[in-house]
Amino acid sequence: MTPEIREGDRKAAFDAALNAYGPDSRYVPPLWSDFDRMFDPAKNPFITEGHGRYALFSAHRDGRPVGRIAASIHDDSIRKHGTSNGAFGFFDCVDDAEVADALLGKAEGWLAERGIKNIAGNFNLTAMQQIGVMTDGFDHAPFTDMMWNAPYIGRHLERAGYAATFPMTTFEIALEDSKPENLLGDKQRAIFADPDFVWQPIQRSGFKVRLEDARIILNDGFAGNPMFVPPTAAEYLFQAGDMMWIIDKRISTVVYHRGRPAGAIIAIPDLNPLVKAIGGKIGPTAPFRLLQHRARNDRAVLIYQSVCRDLHNRGLNGAMLYRTAQALKQAGYRTLGGTWIADINGPSLRQAEKVGAKPLHRLHLFTKRLSPA
């Protein structure tokens, strides 16, 4: 039976992945409140500030949502990189070719109607958010801000004419066995001894100021990276503002050099075990569960680290990672997850190897040339 495709049903799209993968899978949903506001065109700066466009589709069988996909056009990216690329994201469904094809066809058609020549994904919704389709490591639980999908998702994409490109890896560090001292060299020791470098924690007091400085550092340090589009203040706050309620001031830092933002390392406690336990929905018991989780949690995740370009090759990246690894151990964390690093990023891969990181998941972008509408 051909599945019914609906557009704009946020609740159905949220439930679709849970229905498709089941409670025994490694899949962890986003918080429903985050998913709902992300696809609310009145709230997401992606829409309200005119950075892009999107559509959200869900597939239904017998009235039950069994798949979903988002189609998006990041107009800022097209202008910056001179491409004609669109994206799919949040592609999750049951292992059913008809459902997969119906969803992919809907996303492809929506993009082609708007003049887009190529499609790639997952982008949830941009390259500055979660990206990729998992192609290996399915038995490993993801950390916060990591993707997870069933093994058959990649197979359905390949069958539909998509090619796997841009390989990436996520990492896990057993902090007890890690060797942060391998990151210490003359450059790093010189930074720690230099009073021109001032280290400030990210905490609730002054949170927005530190967050804005971290955004400035991200935009400067990542300016030359492929696909990167600098988020505006509103976009960055929209994505990271809720971090204030879970931040651990011991493990995230903004570094200033002679009074200006120079480097940032953003690490947070891993919330995925809690979010999975509550099914992504905050109910009456959520505050109690959060307190329990905080008391027991020994997992953290490194979201990103960045250094302003004029300080590249000065050793600040290694110094920040060394200091954070030491702080994590002292705070009682036992495991650190690291979000994706692309195969083309040799320096970051070597730094991960130095500190003892082990591969966790393998991911790719899947791309396809679209037929004219």
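About the thresholds
Residues numbered from 1 in each chain as written. Predicted model: local features only at pLDDT ≥ 70, side-chain atom pairs only at ≥ 80, totals over all residues. Heavy atoms only, no water. Helix = DSSP H or I, 4+ residues; strand = E, 2+ residues; numbered from the N terminus. Rg over C-alpha atoms; globule rule 2.2 N^0.38 Å. Buried < 20%, exposed > 50% of the residue type's maximum accessible area, 1.4 Å probe, protein only. Contact = heavy atoms within 4.5 Å. Areas by Shrake-Rupley, 256 points an atom, 1.4 Å probe, with all protein chains shown as cover. Lys, Arg positive; Asp, Glu negative; His and termini not counted. Charge placed at Lys NZ, Arg CZ, Asp CG, Glu CD. Pairing = 2+ DSSP bridges. Phe/Tyr/Trp six-rings, centres within 6.5 Å; stacked < 30°, edge-to-face > 60°. Lys NZ or Arg CZ within 6 Å of the ring centre and 35° of its normal. Axes fitted to C-alpha atoms, helices over the stretch in contact; angles between N-to-C directions. Left-handed = near helix turned anticlockwise from the far one by under 90°. Nonpolar A, V, L, I, M, F, W, Y, C, P; charged D, E, K, R; others polar. Salt bridge = Lys/Arg side-chain N within 4 Å of Asp/Glu carboxyl O. Core = buried A, V, L, I, M, F, W, Y, C linked by side-chain atoms within 4.5 Å.

Draft legend 1. A look at the overall build of the protein. Scanning the protein from terminus to terminus reveals 13 helices and 15 strands. Relative to the globule expectation of 21 Å for 373 residues, the C-alpha radius of gyration of the protein, 21 Å, shows essentially globular dimensions. C-alpha extents for the protein along the principal axes are approximately 65 × 45 × 35 Å. For the protein, with 373 residues in total, the buried portion stands at 53%. Within the protein, contacts between residues separated by at least 24 positions form 78% of all contacts whose residues are at least 6 apart in sequence. Of the accessible surface of the protein, which amounts to about 16600 Å², a share of 51% is contributed by carbon and sulfur atoms. Of the side chains in the protein, 45 bear a positive and 41 a negative charge, and the two mean positions are spaced by 4 Å.

Draft legend 2. How the structure looks around the pairing of strand S2 (residues 53-61). Taken across its 9 residues, S2 has 8 buried, putting it largely inside the fold. Pairing geometry for strand S1 (residues 4-7) and S2, over 4 bridges, is antiparallel. By the bridge assignment, glutamate 4 is partnered in S2 with histidine 60. One ladder, built from 9 bridges, connects S2 with strand S3 (residues 64-73); its direction is antiparallel. Bridge pairing in S3 links arginine 61 to arginine 64.

Draft legend 3. The packing of aromatic side chains, seen in detail. Applying the stated criterion across every chain yields a total of 17 aromatic pairs. By way of ring pairs, the aromatic residues Phe14, Trp32, Phe35, Phe39, Phe46, Tyr54 and Phe90 are connected into one cluster. Lying across the ring of phenylalanine 238, arginine 37 places its NZ or CZ 4.3 Å from the centre. The ring of phenylalanine 143 has arginine 299 lying over it, and the distance from NZ or CZ to the ring centre is 3.8 Å.

Draft legend 4. How the structure looks around helix H1 (residues 10-21). Looking at H1, one finds that the buried residues are Ala12, Ala13, Phe14, Asp15, Ala16, Ala17, Ala20 and Tyr21. Tucked into the core, H1 has its buried residues touching helix H2 (32-38), S2, S3, strand S4 (85-93) and helix H6 (152-159).

Draft legend 5. Structural detail: the environment of histidine 156. If you trace the backbone, histidine 156 turns up in helix H6. For histidine 156, a relative accessible area of 8% corresponds to the buried category. Through-space distance from the C-alpha of histidine 156 to that of proline 29 is 21 Å; in sequence the pair is 127 residues apart. Excluding its chain neighbours within four sequence positions, the residues that come into contact with histidine 156 are Asp95, Asp96, Ala97, Ala100 and Leu104.

Draft legend 6. Spotlight on the packing of helix H8 (residues 207-221) against helix H9 (residues 233-240). Running from N to C, H8 and H9 cross one another at 115°; their axes reach a closest spacing of 10 Å. H9 is crossed by H8, and the crossing has right-handed handedness. Judged by residue contacts, Phe207, Lys208, Leu211, Glu212, Ala214, Arg215 and Leu218 of H8 engage Ala233, Tyr236, Leu237 and Ala240 from H9. Of the residues contributing to the contact of H8 with H9, the split by class is 8 nonpolar, no polar and 3 charged.

Draft legend 7. Just the pattern of salt bridges, in detail. A complete count under the given rule lists 24 salt bridges for this structure. In this structure, the salt-bridge partner of arginine 61 is aspartate 96, at a minimum N-O distance of 2.7 Å. Linking arginine 61 in strand S2 with aspartate 96 in the loop between S4 and helix H5 (97-112), this pair joins segments that are 35 residues apart in sequence. By relative accessible area, arginine 61 is classed as buried at 17%.

Draft legend 8. Seen up close, the nonpolar core. Residues Tyr21, Phe91 and Leu157 are the most contacted members of the largest nonpolar core, which totals 36 residues. Among the secondary structure elements, those contributing two or more residues to this core are H1, S2, S3, S4, H5, strand S8 (133-136) and H6. In terms of residues, this core owes the most to one element, H5, which gives 7 residues. Not counting the four nearest positions on each side in its chain, tyrosine 21 is found in contact with Tyr27, Phe91, Asp92, Cys93, Trp148, Asn149, Ala150, Tyr152 and Ile153. Counting 28 residues, the second largest nonpolar core, distinct from the first, contains Phe197, Ile265, Met320 and Tyr322.

Draft legend 9. Here's a closer look at the packing of H5 against H6. With their axes 10 Å apart at the nearest point, H5 and H6 run at an angle of 65° to one another. Viewed along their axes, H5 and H6 form a crossing whose handedness is right-handed. Between H5 and H6, the residues in contact are Ala97, Ala100, Asp101 and Leu104 and His156, Leu157 and Arg159, respectively.

Draft legend 10. Here's a closer look at the environment of isoleucine 202. When you line up the elements, isoleucine 202 lands in the loop between strand S10 (197-201) and H8. Residues isoleucine 202 and isoleucine 247, spaced 45 residues apart in sequence, show a C-alpha to C-alpha distance of 7.5 Å. Isoleucine 202 has contacts with Phe207, Arg210, Ile247, Lys249, Ser252, Thr253, Val254 and Ile266, leaving out every residue within four places of it along the chain.

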